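# Residue-level structural notes
The residues making up each chain are set out below.
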Amino acid sequence: MTAEFTVQPAHQGAPGLAHGGVLATALDETLGALSWLLRVIAVTGRLETDYVRPVPVGTVLHLQSEVTAVDGRKIYSTATGRIGGPDGPVAIRADALFVEVKVDHFIDNGRPEEIRAAMSDPDQVRRARAFEVNP
């Protein structure tokens, strides 16, 4: 999976630099998108992040993630964020463990009003049901 993330002024932590939590979130989102390729619903179980170099505000971060292993409900993956292009220097990297869950995970643990709103959208219901079957 590849993506681009532009660091905006609202993402600033230290003056002129991206906040580390925002960068970790960008990698977490890129890693989480891998579950779509696997056609499963998964949530982050562990995210280990290494900050290699500062990322200035205004930078386009080139993100790349891949699944490294699957063991039952566990999905192991890795991601990098590079500055200056897909082959640029690594600024951030992460290793993650995602855990496959069923839709009930969100029904049992989420906010009822948001779940009702999401489940009233026929497209979201269709997508959620499509995930219930593992290929």
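No experiment lies behind these values; they were computed from the predicted model shown. (Residues numbered from 1 in each chain as written. Predicted model: local features only at pLDDT ≥ 70, side-chain atom pairs only at ≥ 80, totals over all residues. Heavy atoms only, no water.)

Moving on: the nonpolar core. Side chains of a nonpolar character, in soluble globular proteins, are inclined to be buried together. In this structure, L23, L31, V55 and L61 are the most contacted members of the largest nonpolar core, which totals 21 residues. Taken together, the elements giving at least two residues each to this core come down to α1 (20-32), β3 (60-71), β4 (74-83) and β5 (90-101). In terms of residue count, the dominant contributor to this core is β5 (five residues). With near-sequence residues (within four places) excluded, L31 lies in contact with L47, S65, S77, T78, A79, A94, A96 and F98. (Core = buried A, V, L, I, M, F, W, Y, C linked by side-chain atoms within 4.5 Å. Buried < 20%, exposed > 50% of the residue type's maximum accessible area, 1.4 Å probe, protein only. Helix = DSSP H or I, 4+ residues; strand = E, 2+ residues; numbered from the N terminus. Contact = heavy atoms within 4.5 Å.)

So, about the environment of Y51. For Y51, the position within the fold is in strand β2 (residues 41-51). Classification of Y51 as partly exposed rests on a relative accessible area of 47%. Spatially, the C-alpha atoms of Y51 and G81 are 9.7 Å apart, while their sequence positions differ by 30 residues. Beyond its immediate stretch of four places on either side in the chain, Y51 contacts G20, G21, L23, A24, A91 and I92.

What follows covers the sheet that holds β3. Picture the strands of a sheet paired through backbone hydrogen bonds; they go either parallel or antiparallel. Taken in spatial order, the five strands make up an open sheet running β1-β3-β4-β5-β2, and their pairing is antiparallel. Single-partner strands in this sheet number two, and they are β1 (2-6) and β2. With direction set aside, neighbouring strand axes in the sheet form an average angle of 25°. Two strands pair when backbone bridges link them, and β3 and β4 are joined in this way by ten bridges, in the antiparallel orientation. Opposite S65, over in β4, you have A79 as the bridge partner. Along the sheet, α1 contacts β1, β2, β3, β4 and β5; its crossing angle with β5, the most-contacted strand, is approximately 50°. (Pairing = 2+ DSSP bridges. Axes fitted to C-alpha atoms, helices over the stretch in contact; angles between N-to-C directions.)

Across the protein, pLDDT averages 87, with 79% of residues at or above 70. The model gives residues 129-135 a pLDDT under 50, and that stretch makes 15 contacts with residues more than four places away or in other chains. (pLDDT = per-residue confidence, 0-100.)

With that out of the way, let us pick up the pattern of salt bridges. In the structure shown here, the tally under the stated rule is two salt bridges. Residue E48 is joined to R46 by a salt bridge in which the shortest nitrogen-to-oxygen separation is 3.3 Å. Assessed through its relative accessible area of 44%, E48 is described here as partly exposed. For D50, the salt bridge identified is with R93, shortest N-O distance 3.8 Å. (Salt bridge = Lys/Arg side-chain N within 4 Å of Asp/Glu carboxyl O.)

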